[in-house]
Amino acid sequence: MNKYKDIVYLDHNATTYLAPEVIEKIKTLLEPNFANPSSLYGISLRAKEELEDARAEMKKLLGISSGQLIFTGGGSESDNLAIKGVAYANQRKGKHIITSAIEHHAVLHTCENLQKQGFEITYIPVDDQGVVKLDELKKTIRKDTVLISIMYANNETGVIQPMAEIVKIAKEQGVLVHTDAVQVIGKLPINIDELGVDLLSLSAHKFYGLKGVGALYVKKRVLLDPIINGGEQENGKRAGTENVVGILAMAEALKVSLKNAKDEGLREKKLRDKLENGLLSSIPESFINGKGADRLSNTCNIIIKYIEGESMLLHLDANNICASSGSACTSGSLDPSHVLLAMGVPHEFAHGSLRFSFGKLNTEEDVNKVLEVLPKIIKTLRAMSPLWDESKKTN
Ligand SMILES: *Cc1c(COP(=O)(O)O)cnc(C)c1O
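Thresholds, definitions, all that
- Residues numbered from 1 in each chain as written.
- Predicted model: local features only at pLDDT ≥ 70, side-chain atom pairs only at ≥ 80, totals over all residues.
- Heavy atoms only, no water.
- Patch = residues over 30% accessible without salt bridge, like charges linked within 9 Å, V, L, I, M, F, W, Y side chains within 5 Å.
- Areas by Shrake-Rupley, 256 points an atom, 1.4 Å probe, with all protein chains shown as cover.
- Salt bridge = Lys/Arg side-chain N within 4 Å of Asp/Glu carboxyl O.
- Helix = DSSP H or I, 4+ residues; strand = E, 2+ residues; numbered from the N terminus.
- Buried < 20%, exposed > 50% of the residue type's maximum accessible area, 1.4 Å probe, protein only.
- Near = heavy atom within 4 Å.
- Polar contact = N/O pair within 3.5 Å; in protein donor to acceptor, adjacent residues only side chain to side chain.
- Nonpolar A, V, L, I, M, F, W, Y, C, P; charged D, E, K, R; others polar.
- Arc of directions from axis to C-beta.
- Contact = heavy atoms within 4.5 Å.
- Phe/Tyr/Trp six-rings, centres within 6.5 Å; stacked < 30°, edge-to-face > 60°.
- Lys NZ or Arg CZ within 6 Å of the ring centre and 35° of its normal.

### Regarding a nonpolar patch on the surface
Here is step 1: On the surface, Phe 34, Tyr 41 and Ile 43 cluster together into a nonpolar patch covering about 340 Å² of accessible area.
Here is step 2: By secondary structure assignment, the location of Tyr 41 is in the loop between helix H1 (20-29) and helix H2 (42-62).
Here is step 3: According to the relative accessible area criterion, Tyr 41 is partly exposed, its value standing at 46%.

Listed below in structure tokens is the structure:
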């Protein structure tokens, strides 16, 4: 990590670097493991064996006693496979899908795609803290509802959804539940059997593994059509020669992340809380999104009124601080975050959002640096902001 020493990286919800243990693991894999796991000679059988060992280890770490863990090309593919796979395979029961207004685009755009194919989608609203409204969910379930897809924790705000209650409501009506748990896996201890969901998406690069590899858990007896057709890999649910190195590295990353997830979470929470308290007390007209809800302990989403998130980011970058505004996928577009809008944050304030997300290598020094730099940036930007002047006049 030496080459990042002078950078304060606070964007772990966008992606993480590789854990040192994962780098070591990958080094041991690069040369010997070139064989195709589907071939029929010794080195292939060994690759296949290692692949299945990685699957078994991940299942154990995730609390999966039965059902499948399908390896995919990442979180977006897992979300696509879960939603399209269930939708296509269960059309005889119905074509209605329920999701929420705050999902990642991997879920929202998949649903929009299905809508064009004749499926009907209902978006459950959230309250002002970003929590899905359970009474609305109950009312929305119909006879032809085949799937409820609601994320476990939001990537922008860190707000955690009441999954146990969502599962309970769904089970009463016999509806399948998928959750995008990409932001939760590696951060919180998890037992998927106990959680009771039918499908769950995860992605290695959000827990110190490689980009471009992930997995989808599918409970026993859930009907699922493949969306990538070809060979019979992954029980015929996902064709394509497996990313052996990426998958073995993912199993290692999961092991390393979960080993001290609880303590690391508490450590990051201290840093996050210090950052939030420091920013709120030094920057007038600012507030934290989702502060009143159960949140991931690494995530801070702050609104700083009357300035643009993008201009704050540029100034932070000039000071070697990496953060994000809205989500990484929407930055570059000028639309404010759909997550914040769904929480009732006014349009003009949603533009002024910043997300800081902590990880393993962050220290108190990093927090101090942001607390030293950001209030000054805000002062400079507000001094040039007509909106800020305007607000002073009306107050
Ligand atoms: C990052 C992320 C994804 C996408 O995962 P990729 O592996 O980058 O495709 C999906 N959902 C959430 C909540 C995420 O944070």
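Now, onward.
### What to know about the environment of Asn 277
Here is step 1: As for its placement among the helices and strands, Asn 277 is situated in helix H9 (residues 261-282).
Here is step 2: Taking the C-alpha atoms as reference points, Asn 277 and Lys 206, separated by 71 residues in sequence, lie 26 Å from one another.

### Topic: the site of the ligand
Here is step 1: The local shell around the ligand holds 13 residues, among which Ser 76, Asp 180, Gln 183, Ser 203 and Lys 206 are the closest.
Here is step 2: Within the side chain of Ser 76, one N or O atom sits 2.7 Å away from an oxygen atom of the ligand.
Here is step 3: Residue Asp 180 places a side-chain N or O atom 2.6 Å away from a nitrogen atom belonging to the ligand.
Here is step 4: Contact with the protein chains hides 88% of the accessible area of the ligand, taken as 390 Å² for the molecule alone.
Here is step 5: Ranked by residues supplied to the shell around the ligand, first place goes to helix H3 (residues 75-89) with three residues.
Here is step 6: Partitioning the shell around the ligand into residue classes produces two nonpolar, eight polar and three charged.

### Considering helix H6 (residues 163-172)
Here is step 1: When we look at burial in H6, the residues that qualify are Met 163, Ile 166, Val 167, Ile 169 and Ala 170. Along the axis of H6, the buried residues cluster in a sector spanning 165°; they form a single face. Summarising the geometry of H6, the exposed residues directed more than 90 degrees from the buried face are Ala 164, Lys 168 and Glu 172.
Here is step 2: Looking at the buried positions of H6, the neighbouring elements they touch are helix H5 (134-140), strand E5 (145-149), strand E6 (176-180) and helix H7 (192-195).

### With respect to the packing of aromatic side chains
Here is step 1: Inspection of every chain in the model, using the stated rule, returns five aromatic pairs.
Here is step 2: Centre to centre, the rings of Tyr 17 and Tyr 208 are 5.6 Å apart; their planes meet at 50°, and the pair counts as tilted. In this pair, Tyr 17 sits in the loop between strand E1 (8-9) and H1 while Tyr 208 sits in the loop between strand E7 (199-203) and strand E8 (214-218), placing the two residues 191 residues apart along the sequence.
Here is step 3: Judged by its relative accessible area of 15%, Tyr 17 is buried.
Here is step 4: Relative accessible area serves as the criterion here: at 8%, Tyr 208 is assigned to the buried category.
Here is step 5: Within the aromatic cluster, the residues linked to one another by ring pairs are Tyr 9, Tyr 17 and Tyr 208.
Here is step 6: Lying across the ring of Tyr 208, Lys 360 places its NZ or CZ 4.9 Å from the centre.
Here is step 7: Over the ring of Trp 388 we find Lys 392, and its NZ or CZ is 4.2 Å from the ring centre.

Functional significance is not addressed by these values, which are geometric in nature.
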